Amino acid sequence: MAKIKLQGNPVNTSGELPAKGTLAPEFSLVKSDLSSLSLSELTGKKLLLNIFPSLGTSVCATALRKFNQLAAGITNSMVLAISKDLPFVHKDFCAAEGITDVITLSGFRDTAFGKAYGVDILDGLFEGLYARSVVIIDETGKVIYTQLVPEIADEPDYDAALDALKK
């Protein structure tokens, strides 16, 4: 169990992010068109998993916009924006913001992702949502970078994540 904060208040997560050097846990999440997408379908691509509580918060929306802008054009890579927001929310947000270089995924049907990645928030105001974090997975499915943002209200370290994605 990891400890993070929400506006300075302690919050617990369901576990730890996958360790660097290990194979990323398989997942199947829901795309904005209600189809499923699994990790195994993305083998051969570098993946940036932008995991966050909800697009209903300004920090989550900002991070999605920034990763869309900053990661565009990085060869052989994809950005996956993952939350428990309904797929309709993802679709409407991306359409309104002109976000085209990110695949949004929802964990609303599946409890396995949050447990496997250790990002389920167990208590506090955001209980039941995902903790803000970034996981980079290489072309072979191995975890090469992780960041669990210590304060949910803070943005992730974009530069470190993008550096890992470019390697």
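Report follows, based on the coordinates. (Residues numbered from 1 in each chain as written. Predicted model: local features only at pLDDT ≥ 70, side-chain atom pairs only at ≥ 80, totals over all residues. Heavy atoms only, no water.)

**A word on the overall build of the chain**
The line we're drawing: Helix and strand definitions here come from DSSP, where helices need a minimum of 4 consecutive H or I residues and strands a minimum of 2 consecutive E residues; each element is numbered from the N-terminal end. Here the globule rule is a power law, 2.2 Å times the number of residues to the power 0.38, and the radius of gyration is based on C-alpha atoms. Relative accessibility decides the category of a residue: with a 1.4 Å probe and only protein chains considered, values under 20% of the type maximum give buried, values over 50% give exposed, and everything between is partly exposed. Residues count as neighbours in contact if any of their non-hydrogen atoms are within 4.5 Å of one another. The charged-residue count follows a simple rule in which Lys and Arg add positive charge and Asp and Glu add negative charge, with His and chain termini not counted at all. All charge positions are set by atom: Lys at NZ, Arg at CZ, Asp at CG, Glu at CD.
Of regular secondary structure, the chain possesses 4 helices and 9 strands. For the chain, the α and β elements follow one another from N to C terminus as β-β-β-β-β-α-β-α-β-α-β-β-α. In terms of C-alpha radius of gyration, the chain reaches 14 Å, essentially the compact-globule figure of 15 Å for 167 residues. Buried positions account for 50% of the 167 residues belonging to the chain. In the chain, the share of contacts with a sequence separation of at least 24, taken over all contacts with a separation of at least 6, comes to 66%. In the chain, 16 side chains carry a positive charge and 20 a negative one; their mean positions are 2 Å apart.

**Focus on the nonpolar core**
Stated formally: The nonpolar core is taken to be a set of buried Ala, Val, Leu, Ile, Met, Phe, Trp, Tyr and Cys residues, with the residues joined through side-chain atoms within 4.5 Å.
Ranked by size, the top nonpolar core spans 24 residues in total, and within it Leu48, Leu64 and Ile136 carry the most contacts. Only helix 1 (58-71), strand 6 (77-83), helix 2 (87-97), strand 8 (133-137) and helix 4 (158-166) provide two or more residues apiece to this core. Not counting residues up to four positions away in its chain, the partners in contact with Leu48 are Phe67, Met78, Val79, Leu80, Val134, Val135, Ile136, Ala161, Leu162 and Leu165. Leu39, Val119, Val135 and Ile137 belong to the second-largest nonpolar core, a separate cluster that totals 21 residues.

**Describing the state of the cysteines**
Our working rule: Our working definition of a disulfide is a cysteine sulfur pair at a distance within 2.5 Å.
Scanning all chains against the criterion turns up 0 disulfides. Cysteine Cys94 shares no disulfide, and the gap to the nearest cysteine sulfur, in Cys60, comes to 13 Å.

**Examining the sheet that holds strand 3 (residues 28-31)**
Applied cut-off: A strand pair is defined by DSSP finding two or more bridges across the two strands. Each axis is a line fitted through C-alpha atoms, and for a helix only the stretch in contact is used; angles between axes span 0 to 180 degrees, taken between their N-to-C directions.
Spatially, 4-3-7-6-5-8-9 is the arrangement adopted by the 7 strands of the open sheet, whose pairing is mixed. Looking at which strands have only one partner, the edges of the open sheet turn out to be strand 4 (36-38) and strand 9 (143-148). Between one strand axis and the next, the sheet turns through 30 degrees on average, direction left out of account. In this sheet, strand 4 lies alongside strand 3 in antiparallel orientation, the contact comprising 3 bridges. If you follow Ser28 over to strand 4, its bridge partner there is Ser38. On top of the sheet, helix 2 reaches strand 3, strand 6 and strand 7 (102-106); it is set at about 155 degrees to strand 7, its chief contact. On top of the sheet, helix 4 reaches strand 5 (46-51), strand 6, strand 8 and strand 9; it is set at about 160 degrees to strand 5, its chief contact.

**Digging into the pairing of strand 2 (residues 9-12)**
Residues in a regular strand project their side chains so that they alternate between the two faces of the sheet. Note that strand 1 (residues 3-6) and strand 2 share 4 bridges and pair antiparallel. Bridging from a neighbouring strand, Leu6 pairs with Asn9 of strand 2. Hairpin remark: strand 1 followed by strand 2, antiparallel, with 2 residues in the connecting loop; positive phi at Gln7, about 50 degrees.

**Brief notes about the pattern of salt bridges**
Proximity of charged atoms lets side chains of opposite charge pair with each other. To be explicit about the condition: Within this document, salt bridges are pairs made up of a side-chain nitrogen of Lys or Arg and a carboxyl oxygen of Asp or Glu, the two lying within 4 Å of each other.
Inspection of the entire model under this criterion finds 3 salt bridges. Ionic pairing is found between Arg65 and Glu97, a salt bridge with its closest N-O pair at 2.8 Å. In this pair, Arg65 sits in helix 1 while Glu97 sits in helix 2, placing the two residues 32 residues apart along the sequence. Here Lys66 ties to Glu155 by a salt bridge, and the two come within 3.2 Å at their closest N and O atoms. Separated by 89 residues along the polypeptide, Lys66 in helix 1 and Glu155 in the loop between strand 9 and helix 4 bring together distant segments of the chain.

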